[in-house]
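# Architecture and fold: a report
One letter stands for each residue in the lines below.
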Amino acid sequence: MIALYNILIALLLIIFSPLILLKSLINRRFRYHLLDRIFPKPIKEKDYFLFHASSFGEVKTVLSFLDIFEEELNSKAVISVFTDTGYKQAKSRERFLMPIDLIPLHRRVLKNPPSIAIFFEAEIWPSYIHTLKSKGTKIVLINARMSEKSFKQYKRFSFFFKKIVSQFDLVIAKSKIDAKRYRQFTNRVIVCGNIKSCVFNLKQREQATREDFLINSKKDIMVLASFHKEEIDIATRIILKFRDRFFFVVAPRHMEDVQLFENRFRRNTIEFIKRTDNKSSRSLLLLDTLGELTKVYSFSTITVLGGSFNSSLKGHNPLEPIFYNNILICGPYMESFKEEVEKLKKLNLIYQVDDKNLEREIDVVLKTAKKPILNGLKKGLSYILNCHLSNTIKTK
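Here goes a summary of the coordinates provided. (Residues numbered from 1 in each chain as written. Predicted model: local features only at pLDDT ≥ 70, side-chain atom pairs only at ≥ 80, totals over all residues. Heavy atoms only, no water.)

### Quick notes on the overall build of the chain
Definition in use: Put simply, DSSP marks the helices as runs of H or I at least four residues long and the strands as runs of E at least two long, and each gets a number from the N terminus on. Our radius of gyration looks at C-alpha atoms and nothing else; its globule reference is 2.2 Å times the residue count to the power 0.38. Burial classes follow relative accessibility: with a 1.4 Å probe on protein chains only, a residue under 20% of its type's maximum area counts as buried, one over 50% as exposed, and anything between as partly exposed. Residues are treated as being in contact if the distance between any of their heavy atoms lies within 4.5 Å. Areas reported as accessible are Shrake-Rupley estimates using a 1.4 Å probe. Residue values count occlusion only from the protein chains shown. Charge assignment in this entry is limited to Lys and Arg as positive and Asp and Glu as negative, and neither His nor the chain termini are counted. To locate a charge, take NZ of a lysine, CZ of an arginine, CG of an aspartate or CD of a glutamate.
Counting secondary structure elements, the chain contains 19 helices and 14 strands. Taken against the 2.2 N^0.38 rule, which gives 21 Å for 396 residues, the C-alpha radius of gyration of the chain at 22 Å falls within 12% of a compact globule. Looking at the chain as a whole, 54% of its 396 residues qualify as buried. Contacts in the chain between residues at least 24 apart in sequence constitute 69% of all its contacts with a sequence separation of at least 6. When the accessible surface of the chain is totalled, it reaches about 19100 Å², and 52% of it is carbon and sulfur. Across the chain, the mean location of the 67 positive side-chain charges is 4 Å away from that of the 41 negative side-chain charges.

Below, the structure is given as structure tokens:
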């Protein structure tokens, strides 16, 4: 089956090569290091372990605990990433962009195979995994998650995906629901909880001030965090409703969508300043930079979490704003963090609102919510990281 998969990928590349070439000419992000994905260079390290993550957020999480993994595994990490933003975020480490998922390309990269390869969350690449396994590498999937949609697709093609997933020597699931889904494909599954729950305790809290961001307003600050282009209408509704009460920081999830937010704000006569303008802002700051959102949390009051107001999306990690003592509001679509949301609700640390009655429900939250008290949540979180570490070491 893996041979058929590779033939199919190769045929699709040949068929769509004109479209790929065209897109690479007009889309800077798409053509980023494109040749490195087609003609990858071998890893020069000989004594290392491999850590594979996807995009900016995942790489940021991995970097926060990577030193501990290196110390416990007694070897150096090499990071492979899937996206351009993830590659840029990992610039402080030895890293490479994952090539197109074809066995010959992975064999070229992995001439010196790692002792152990750790994949993060939902990164399941058939040819990558097959190549590592054929070279005797132990493979672990940590913080493993599987959405309901992915689970249905995997079950439909279980004759193929069961063989791929079963090649993991260990799957460390982030929740009981995820573990149950993975156990349909392999019995080497344990539950350790979401590793993202504890990474904020591993580093110094980032601190900043309004002045650092040239915010010229004394109003409380509401952050619209990681909003997608599908949620521009929602963002606009919130701003128009509450702009007399709050200064807004809007952080699009993807930088290529910044222009869409600009256009919508202008159309609705919403004044804004972009972060890269380096000018004083009085009502709204559009965050068109990467890696600064946590600094904003350090002086903001309320965060409305994007990725949760459209049924095609699955939510984002709700923990970081809470660790910065923000009142946190999210929408109804938080499938990827369902268990976390339920636990946080019981602790009164998150408020989930209906997008149909959005303005009214947010208004109710603003009148009743108090800043979160984190003592109960922080207590004992270190066991999550320890569990991931100890079980990964055992696999090695």
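### Remarks on helix H1 (residues 2-15)
The criterion, for reference: Each helix should span, by expectation, one fewer than its residue count multiplied by 1.5 Å. Read the arc as the range of directions from the helix axis to the C-beta atoms.
With 14 residues, H1 should cover 20 Å at 1.5 Å per step; its first-to-last C-alpha distance of 20 Å lies within 8% of that length. Of the positions making up H1, those classed as buried are Ile2, Tyr5 and Asn6. Projected down its long axis, H1 shows its buried positions confined to an angular sector of 95 degrees, all on one face. In H1, those exposed residues whose orientation departs by more than 90 degrees from the buried face are Leu4, Ile14 and Ile15. Buried residues in H1 make contact with helix H7 (103-109), helix H8 (126-134) and helix H10 (158-165).

### As for the side chain of His388
Short version of the rule: In the analysis that follows, any N or O atom pair within 3.5 Å is treated as a polar contact, provided that within protein one partner can donate a hydrogen and the other can accept it, and provided that, for residues neighboring in sequence, both atoms belong to side chains.
Of note, His388 is situated in helix H19 (residues 382-395). In terms of polar contacts, His388 uses its side chain to reach the backbone amide nitrogen of Asn143, at 3.5 Å. Ignoring anything within four residues of it in the chain, the contact list for His388 reads Ile142, Asn143, Ile172, Cys192, Gly193 and Ile195.

### Here we look at a nonpolar patch on the surface
Quick reminder of the rule: Patch members must show over 30% relative accessible area and no salt bridge, and they are joined within 9 Å when carrying like charges or within 5 Å when they are nonpolar side chains of Val, Leu, Ile, Met, Phe, Trp or Tyr. Only one rule defines a salt bridge in this text: a Lys or Arg side-chain nitrogen within 4 Å of an Asp or Glu carboxyl oxygen.
Together, Ile7, Leu8, Leu11, Leu12, Ile14, Ile15, Phe16, Leu19, Leu21, Leu22, Leu25 and Ile26 make up a nonpolar patch on the protein surface, roughly 1200 Å² of accessible area in all. Of all the elements in the fold, those that place two or more residues in the nonpolar patch are H1 and helix H2 (17-26). No other element matches H1, which puts six residues into the nonpolar patch. Of the residues examined, Leu21 reaches a relative accessible area of 53% and is grouped as exposed.

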